[in-house]
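Here is what each chain is made of, one letter per residue.
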Amino acid sequence: PGPGKFKERYAENPDQARAYLQYTWDKAQQWAETHTGRAVRLAQALTNWALDRPWKGRSGSYDRAVYLAHLRIVERCGKSTYGASCRELAELAGVGRNTANNATHRLIKDYGLLAIAKPATARTIGVADS
């Protein structure tokens, strides 16, 4: 038994308290599944955009894979500003670490799809809103 309303109900009727806990858990889970944040909606829209357009050049397929990896991180953390290592991006994109690093630099400088949000020793990268 934990604190709050559950504890009060548990003291009165343990079975009713468990049913209350299950009900509130289900409602919270349903709400979380039906309400997505702004960053998640942006990542989903940008994913569709990235998949629907051709990526030109010899590195286009790598750039798209790394961009999609960035967007997966945004969906996972629910924020458009995040920290991502080249290793994590490489694993998500299915490319090498150096390829992920180079593609991220191109996505920032050449495409303008990403922006460095807070320069530091460990860079924090964010998806460009415009």
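See the structure printed just above.
Residues numbered from 1 in each chain as written. Predicted model: local features only at pLDDT ≥ 70, side-chain atom pairs only at ≥ 80, totals over all residues. Heavy atoms only, no water.

*Asks:* What's the story with the side chain of S80 in this structure? I'm lost.
*Replies:* Tracing the backbone through its elements, the reader meets S80 in the loop between α4 (60-77) and β1 (81-83). In contact with S80, not counting residues within four places along its chain, are A39, V74, I125, G126 and V127. (Helix = DSSP H or I, 4+ residues; strand = E, 2+ residues; numbered from the N terminus. Contact = heavy atoms within 4.5 Å.)

*Asks:* So what exactly am I meant to see when it comes to the packing of aromatic side chains here?
*Replies:* Between two aromatic rings, the relevant description is the distance of the centres plus the angle of the planes. Taken as a whole and judged by the stated rule, the model has five aromatic pairs. Between W49 and Y67, the ring centres sit 6.4 Å apart and the planes meet at 80°, which makes this aromatic pair edge-to-face. In this pair, W49 sits in helix α3 (residues 38-52) while Y67 sits in helix α4, placing the two residues 18 residues apart along the sequence. With relative accessibility at 37%, the residue W49 sits in the partly exposed group. Residue classification places Y67 among the buried positions, given a relative accessible area of 1%. On the basis of an interplanar angle of 45° and a centroid distance of 6.0 Å, the ring pair of W55 and Y67 is categorised as tilted. Here W55 is found in the loop between α3 and α4, whereas its partner Y67 is found in helix α4, with 12 residues between them in sequence. (Phe/Tyr/Trp six-rings, centres within 6.5 Å; stacked < 30°, edge-to-face > 60°. Buried < 20%, exposed > 50% of the residue type's maximum accessible area, 1.4 Å probe, protein only.)

*Asks:* Looking at this model, I keep getting lost on the nonpolar core. Mind explaining?
*Replies:* Side chains of nonpolar character tend, in soluble globular proteins, to be buried together. Ranked by size, the top nonpolar core spans 28 residues in total, and within it V66, Y67, L71, Y82, L107, L114 and V127 carry the most contacts. Listing elements by their share of this core, those giving two or more residues are α3, α4, α5 (86-93), α6 (97-109) and β3 (124-127). Top contributing element to this core by residue count: α4, with eight residues. What V66 contacts, discounting residues up to four positions off in sequence, is L89, A93, V95, A100, A103, T104 and L107. (Core = buried A, V, L, I, M, F, W, Y, C linked by side-chain atoms within 4.5 Å.)

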